[in-house]
Amino acid sequence: MTYDLVIKNGTVIDGTGGARYKADVAIVDGKIAAVGAIEDDGTEVIDAIGQVVTPGFIDGHTHLDAQVNWDPLGTCSVWNGVTTVVMGNCGFTVAPCAAKDKQFVVRNLERAEDISREAMAAGIDWTWETFPEYLDKIESLPKGINYSGYVGHSALRTYAMGERAFTEQPTEEEMAVMKKELADSIRAGAIGFSTSRTRNHMTSDGHPVASRIANWDEIKELVGVMTELDAGIFEIAGEDVGRDPQAQREYHERLRDLAVESGRPITWGMFSARRAPEIWPPYFELLDETAAAGGTMFAQVHSRALNVLLSFETRMPFDDFPLWNEMRILPLAEQEAALRDPAIRARLVNSANAFEQEQQGVGAEMRRPEYDWLLVMDSVEGPHKTVAEVAEALQMDPVDAMIEIALRHHLKVFFRQPLFNENQDHVLAMMKHPRSVVTFSDSGAHVSQIMDSSLQTHVLSHWVRGEQAFSLEEAIKMITHDTGSAWGFNDRGLIKEGMAADINVFDPDTIKPLMPEVRTDLPAGARRLVQKSAGIAATIVNGVVLLRDGEHTGEYPGRLLRGPLGACRT
């Protein structure tokens, strides 16, 4: 027999968590046809000697809904071994929405998810109105990787309510429109329904996104649509209950009761915060409490700190200060020249340090950086020195030290500002919890501020190879089978006969994320951060080699993965 593709001489780590073993893997028609000693030929052969052969990585939390329209490859996820993604998280989708009303969707996405209005205008051919029509559009597009998606609450609201979605509760008629569209979406293959109730999600004009206006009864009614269909996952960016234990408990009881009463799985993301380290543990107790009550709930956790990457190529903490705002609109080379002028540099330092007296009452973007928590990212892994440490060593003011560091790199250096997950012991505890999944890259969003599409390669380089906190077998299971199972991708996430042939071939001794870079490669020349990886010899999607040594082969084997009702359509 001649197979389409044979991966020879590799060490298989199959995603079950079991011990690795030597084996060949044969593929026919996009499926794994055989695992073992394979003598027959393949039309294509990959020699994986010295490499491990694993399932493709699965990411359950992305915002690629807009990007999939202009980026057929699926960057930056695919560059880090991800072969399947879930998009539409946090209530943000580009459907349902008619082209004439797309300003509503843009308003929800532009600030909350840092997706450029200009990029969306230039990059999206808006040919849909309903969410089922959007799924059909995604299915028709060339795709490097596999996509599945929620229908988002903010889009549902603006579809049914128009402008009123940002300020009011729905009428009975508007609620009926939302429920019908949600039901149609689940039947067409939406993987579930997502919402946001967090104050972090604001519109471009500084108001709450549409889903935040909804009351809890509206959410229960919409989740009830999935109960009636016996299909769909509910994903929520949760309420901000602060440090009040009573408010937190009331919210937890509502979540628990919704999981039990609806019969639908509920998922949410969780980070630790150094200013409130007591907040995250009760959420993980809630997972066990919900399970004991008969509900299904799982947490999405990260593998490192959630960082904003600051740089002269993107944003600096002082951009809105007097003198800085004039300098920062110049081309980068002119900024560098200005910063090398001692007189200009001194005035900029004084401006940054005087803002507390000059700029009382301005917004949070004007806050003084915490130099003890602002790190110089001169490598991926670190350790990274703080700006305070560097300033002390140079005997400079911290602002002056940041300028000095940047000039030594011709302004092409990042300053890493952790927002959450500062305590890595907390991160490890969350990763090890039996009801958590390691995901939450936000790939496709926050593209000029945050770069977390590499969280899976970080697991392998940092937690496996560096810290030895997990065996490679345990880590692969976390980022393949466990994540896939949580979202119901039962034909992916394992190296096993009959499974979809989504596979990575990589060197466990060298796989790692590379340094982020700034590019202006979005539609309309919009700016974003990108990050590739090292050590991955091949990424295979549905049996077709998509990347070799990080380079695109020209193939687009990705698919739309519809939810269970959509997959059963005739």
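Residues numbered from 1 in each chain as written. Predicted model: local features only at pLDDT ≥ 70, side-chain atom pairs only at ≥ 80, totals over all residues. Heavy atoms only, no water.

Asks: Could you clarify how one ought to interpret the overall build of the protein in this entry?
Replies: The number of helices and strands found in the protein is 18 helices and 24 strands. For 570 residues, the compact-globule formula gives about 25 Å, and the C-alpha radius of gyration of the protein, at 24 Å, lands near that figure. Counting over 570 residues, the protein shows a buried share of 60%. Excluding contacts between residues fewer than 6 apart, the proportion of contacts in the protein whose partners are at least 24 apart in sequence is 75%. Summed over all atoms, the accessible surface of the protein reaches about 22,200 Å², with 49% contributed by carbon and sulfur. Measuring between centres, the 54 positive side-chain charges of the protein sit 1 Å from its 84 negative side-chain charges. (Helix = DSSP H or I, 4+ residues; strand = E, 2+ residues; numbered from the N terminus. Rg over C-alpha atoms; globule rule 2.2 N^0.38 Å. Buried < 20%, exposed > 50% of the residue type's maximum accessible area, 1.4 Å probe, protein only. Contact = heavy atoms within 4.5 Å. Areas by Shrake-Rupley, 256 points an atom, 1.4 Å probe, with all protein chains shown as cover. Lys, Arg positive; Asp, Glu negative; His and termini not counted. Charge placed at Lys NZ, Arg CZ, Asp CG, Glu CD.)

Asks: Teacher, can you tell me more about the pairing of strand β23 (residues 544-548) here?
Replies: Regular strands place their side chains on alternate faces of the sheet. With four bridges connecting them, strand β22 (residues 536-541) and β23 associate as antiparallel partners. Looking at the pairing, Ala 538 lines up with Arg 548 of β23. In sequence, β22 turns back onto β23 through a hairpin of two residues, with Asn 542 there showing a positive phi of about 50 degrees. Where β23 lies against strand β24 (residues 551-552), two bridges are found, and the strand directions are antiparallel. Counted as the bridge partner of Arg 548 is Glu 551 from β24. Counting the residues between successive antiparallel strands, the hairpin from β23 to β24 contains two residues, one of them, Asp 549, with a positive phi of roughly 50 degrees. (Pairing = 2+ DSSP bridges.)

Asks: For this particular structure, what's the right way to read the side chain of Ser 453?
Replies: Looking at the secondary structure, you find Ser 453 in the loop between β16 (436-438) and α16 (455-466). In this structure Ser 453 comes out as buried when scored by relative accessible area, which is 3%. Polar contacts involving the side chain of Ser 453 include one to the side chain of Ser 443, which spans 3.0 Å. (Polar contact = N/O pair within 3.5 Å; in protein donor to acceptor, adjacent residues only side chain to side chain.)

Asks: Looking at this structure, how should I read unusual backbone geometry?
Replies: Among all residues except glycine, the phi angle is most often negative; among peptide bonds, the trans geometry is most common. Residue Pro 96 is reached from Ala 95 by a cis peptide bond, and omega for that bond is 5 degrees. With respect to the helices, strands and loops of the structure, Pro 96 is situated in the loop between β7 (82-87) and α1 (102-110). Omega for the peptide link from Gly 382 to Pro 383 comes to 10 degrees, which places this bond in the cis form. Structurally, Pro 383 is set in the loop between β14 (375-377) and α13 (387-394). A positive phi angle, near 65 degrees, is found at Cys 90, a position not held by glycine. Checked against the element boundaries, Cys 90 lands in the loop between β7 and α1. With a phi close to 80 degrees, Phe 440 is a non-glycine residue in the positive phi region. If you trace the backbone, Phe 440 turns up in the loop between β16 and α16.

Asks: Looking at this model, I keep getting lost on the side chain of His 446. Mind explaining?
Replies: Checked against the element boundaries, His 446 lands in the loop between β16 and α16. Here the side chain of His 446 touches Asp 442 through a polar contact of 3.2 Å, side chain to side chain. Ignoring any residue separated from it by four or fewer positions in sequence, one finds His 446 in contact with Ala 112, Glu 113 and Asp 114.

Asks: Mind showing me how you'd approach the state of the cysteines here?
Replies: When the sulfur atoms of two cysteines share a covalent bond, that bond is a disulfide. For the structure shown, the criterion picks out zero disulfides. As a non-bridged cysteine, Cys 90 has Cys 76 as the owner of its nearest cysteine sulfur, 18 Å distant. Note on Cys 97: no disulfide assigned, nearest cysteine sulfur contributed by Cys 90 at a separation of 19 Å. (Disulfide = S-S within 2.5 Å.)

Asks: Is there a simple way to think about the layout of surface pockets in this case?
Replies: Rolled over the atoms, a probe with the dimensions of a water molecule shows which regions are left empty. The space that makes up the second largest pocket amounts to roughly 540 Å³. Forming the walls of the second largest pocket are 25 residues, and the residues nearest its centre are Asn 307, Val 380, Glu 381, His 384 and Arg 416. At the level of secondary structure, the elements contributing two or more residues to the lining of the second largest pocket comprise β13 (306-310), β14, β15 (414-420) and α16. In terms of residue class, the lining of the second largest pocket is made up of eleven nonpolar, eight polar and six charged. (1 Å grid on protein atoms, 1.4 Å probe; cavity = no way out; pocket = protein on both sides within 12 Å on 5 of 7 lines; lining within 4 Å. Points joined across faces, edges and corners; volume = space filled by probe spheres on them. Nonpolar A, V, L, I, M, F, W, Y, C, P; charged D, E, K, R; others polar.)

Asks: Any chance you could explain the packing of helix α3 (residues 131-140) against helix α5 (residues 172-188) here in plain terms?
Replies: Helix-helix packing is characterised by the crossing angle of the two axes and by the distance between the axes. Interhelical geometry of α3 versus α5 gives an angle of 30 degrees and a closest axis separation of 8 Å. One way to sum up the angle between α3 and α5 is to call them roughly parallel. Every residue of α5 that contacts α3 at Phe 131, Pro 132 and Leu 135 is listed here: Glu 181, Asp 184, Ser 185 and Ala 188. Grouping the constituent residues of the contact of α3 with α5 by class yields four nonpolar, one polar and two charged. (Axes fitted to C-alpha atoms, helices over the stretch in contact; angles between N-to-C directions. Parallel < 35°, antiparallel > 145°, perpendicular 65-115°, else oblique.)

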